[in-house]
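So you can see what is in the structure, the chains are spelled out below.
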Amino acid sequence: MGSNIKGPGPWEIIVNAATIGLHLVCATFIGLAIGYYLENWLCEHGWCYKPWVMLFWLVSGIAAGFKNIYLEVKKIDKAQREEDAPDDEHKD
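In short, a report on the structure.

This part covers the overall build of the protein. Counting its secondary structure elements, the protein contains 2 helices and 0 strands. Here the protein, with 92 residues, has 13% of them falling under the buried criterion.

And the structure:
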């Protein structure tokens with residue numbers, strides 16, 4: 001009497017949600033850090049464009065995070081479709 005439950009288990013759903021959240025947060029902080037340090041470096045060399053350099057890299061980080069979320073959701077959707085697809089190999 002095995003379990004015939006299809007679909008992802010609860011831990012797989014939690015892991016996927018955490019991965020999606022980490023993609024957005026990490027990309028945002030990386031973009032912010034690049035902008036912050038680049039802005040300070042530029043200001044030391046006489047090219048001070050505060051706050052525009054940091055804002056540009058922050059927005060770039062947020063955009064990269066959403067791109068990563070889109071790709072991760074697409075990957076999860078593809079895996080789910082492959083799991084739900086009937087086995088065409090065993091048809092006669």
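A few words now on the state of the cysteines. Two cysteines whose sulfur atoms are joined by a covalent bond form what is called a disulfide. In this structure the tally under the stated criterion is 1 disulfide. Each sulfur in the disulfide pair cysteine 43 and cysteine 48 lies 2.3 Å from the other. Between cysteine 43 and cysteine 48 the disulfide shows an S-S torsion of about 70°. By sign, it is right-handed. In this structure cysteine 43 comes out as partly exposed when scored by relative accessible area, which is 23%.

Here we take up helix H2 (residues 52–84). Counted at 1.5 Å a residue, the expected span for H2 with its 33 residues is 48 Å, and the 48 Å between its end C-alpha atoms agrees. Among the residues of H2, those classed as buried are Val53, Gly61, Gly65, Ile69 and Glu72. The secondary structure elements touched by the buried residues of H2 are helix H1 (10–44).

For the structure shown, the criterion picks out 2 aromatic pairs. Ring geometry for tyrosine 36 against tyrosine 37: centres 5.1 Å apart, planes inclined by 80°, an arrangement best described as edge-to-face. Residue tyrosine 37 is classed as exposed on the basis of its relative accessible area of 58%. Pairing phenylalanine 56 with tryptophan 57 gives two aromatic rings, centres 5.6 Å apart and planes at 85°, and the pair type is edge-to-face.

Time to look at the pattern of salt bridges. For the coordinates displayed, the defined rule picks out 2 salt bridges. Between lysine 75 and glutamate 72 there is a salt bridge, with its nearest N and O atoms 3.7 Å apart. Here lysine 75 pairs with glutamate 72, and both are found in helix H2, just 3 residues apart, close to one helical turn. Judged by relative accessible area, which is 53%, lysine 75 ranks as exposed. Taking the relative accessible area as the measure of exposure, glutamate 72 reaches 12% and is therefore buried. The salt bridge involving aspartate 77 is made with arginine 81; its shortest N-O contact spans 3.0 Å. Remark: arginine 81 and aspartate 77 occur in helix H2; sequence separation between them is 4 residues, near one turn of the helix. With relative accessibility at 36%, the residue aspartate 77 sits in the partly exposed group. Owing to a relative accessible area of 57%, arginine 81 belongs among the exposed residues under this scheme.

Calculation criteria
Residues numbered from 1 in each chain as written. Predicted model: local features only at pLDDT ≥ 70, side-chain atom pairs only at ≥ 80, totals over all residues. Heavy atoms only, no water. Helix = DSSP H or I, 4+ residues; strand = E, 2+ residues; numbered from the N terminus. Buried < 20%, exposed > 50% of the residue type's maximum accessible area, 1.4 Å probe, protein only. Disulfide = S-S within 2.5 Å. Expected span 1.5 Å × (residues − 1). Contact = heavy atoms within 4.5 Å. Phe/Tyr/Trp six-rings, centres within 6.5 Å; stacked < 30°, edge-to-face > 60°. Salt bridge = Lys/Arg side-chain N within 4 Å of Asp/Glu carboxyl O.

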